[in-house]
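# Structural overview
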Amino acid sequence: QVQLEESGGGLVQPGGSLNLSCAVSGTSVRLNTMGWYRQAPGKQREWVAALTTIGSTNYADSVKGRCTISRDNAKNTVYLQMNSLKPEDTAVYFCNVWPPLSTYWGQGTQVTISS
């Protein structure tokens, strides 16, 4: 059974930083293209970033230049470093494989950007 558990969210002022973590069990982050997604209040879930098996990265235009996706194969964990955070980054953040599988969604971690 595959499980993904996100953590690291919180309340941060605009311009601040957060490093989100996604601990994965039941599959290997090294053998999957992994993605981060987010869902803001009243909006559909959207893709944020992806990391391929060979280490290539892609980012949504809304976060490009401000976010970095990475993984630790030994810990089987995926990270999303977010800098220069904006109020519009406020959302619940999820990790999943890319493209996402419905059975892999976890609870997510809340990120709130507010002064």
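Look up a bit, the structure's there.
Residues numbered from 1 in each chain as written. Predicted model: local features only at pLDDT ≥ 70, side-chain atom pairs only at ≥ 80, totals over all residues. Heavy atoms only, no water.

### What about the state of the cysteines?
- Evaluation of the coordinates by the stated rule reveals one disulfide.
- Two residues, cysteine 22 and cysteine 95, share a disulfide whose sulfurs are 1.7 Å apart. Handedness here is read from the sign of the S-S torsion; for cysteine 22 and cysteine 95, about 50 degrees, the answer is right-handed. With cysteine 22 in strand β3 (residues 18-25) and cysteine 95 in strand β9 (residues 91-97), this residue pair connects regions lying 73 residues apart in the sequence. (Disulfide = S-S within 2.5 Å. Helix = DSSP H or I, 4+ residues; strand = E, 2+ residues; numbered from the N terminus.)

### Description of the packing of aromatic side chains
- Taken as a whole and judged by the stated rule, the model has two aromatic pairs.
- When the ring of tyrosine 37 is compared with that of tryptophan 105, the centres are 5.2 Å apart and the planes differ by 80 degrees; the resulting orientation is edge-to-face. Note that tyrosine 37 is positioned in strand β4 (residues 34-39) and tryptophan 105 in the loop between β9 and β10 (109-113), a separation of 68 residues in sequence.
- Residue classification places tryptophan 105 among the partly exposed residues on the basis of a relative accessible area of 27%.
- Geometrically, the ring pair formed by phenylalanine 94 and tryptophan 105 is edge-to-face, given 5.7 Å between the ring centres and 80 degrees between the ring planes. Of this pair, phenylalanine 94 sits in strand β9 while tryptophan 105 sits in the loop between β9 and β10, and the two are 11 residues apart along the sequence.
- Directly above the aromatic system of tryptophan 105 lies the positively charged group of arginine 45, at a separation of 3.8 Å from the ring centroid. (Phe/Tyr/Trp six-rings, centres within 6.5 Å; stacked < 30°, edge-to-face > 60°. Buried < 20%, exposed > 50% of the residue type's maximum accessible area, 1.4 Å probe, protein only. Lys NZ or Arg CZ within 6 Å of the ring centre and 35° of its normal.)

### Notes on the pattern of salt bridges
- According to the stated counting rule, one finds four salt bridges in the structure shown.
- We note a salt bridge from glutamate 46 to arginine 38, for which the minimum N-O separation is 2.7 Å.
- What makes glutamate 46 partly exposed here is its relative accessible area of 37%.
- Sharing partners across several salt bridges, the network here consists of Arg38, Glu46, Arg66 and Asp89. (Salt bridge = Lys/Arg side-chain N within 4 Å of Asp/Glu carboxyl O.)

### Remarks on the pairing of β3
- Judged from the five bridges that link them, strand β1 (residues 3-7) and β3 form a sheet pairing that is antiparallel. Opposite glutamine 3, over in β3, you have serine 25 as the bridge partner.
- With six bridges joining them, β3 and strand β8 (residues 77-82) adopt antiparallel strand pairing. Along β8, the bridge assignment pairs alanine 23 with threonine 77. (Pairing = 2+ DSSP bridges.)

### Section: the nonpolar core
- Counting 30 residues, the largest nonpolar core has Leu4, Trp36, Ile69, Leu80, Met82 and Tyr93 as the members making the most contacts within it.
- Contributing elements (two or more residues each) for this core: β3, β4, β5 (46-51), β7 (67-72), β8, β9 and β10. (Core = buried A, V, L, I, M, F, W, Y, C linked by side-chain atoms within 4.5 Å.)

### Quick look at the sheet that holds β7
- Pairing in this open sheet of four strands is antiparallel, and the strands run β1-β3-β8-β7 from one edge to the other. With partners counted over all chains shown, the strands left at the sheet margins are β1 and β7, one partner each. Recorded for the sheet is a direction-independent mean angle of 15 degrees between the axes of neighbouring strands. (Axes fitted to C-alpha atoms, helices over the stretch in contact; angles between N-to-C directions.)

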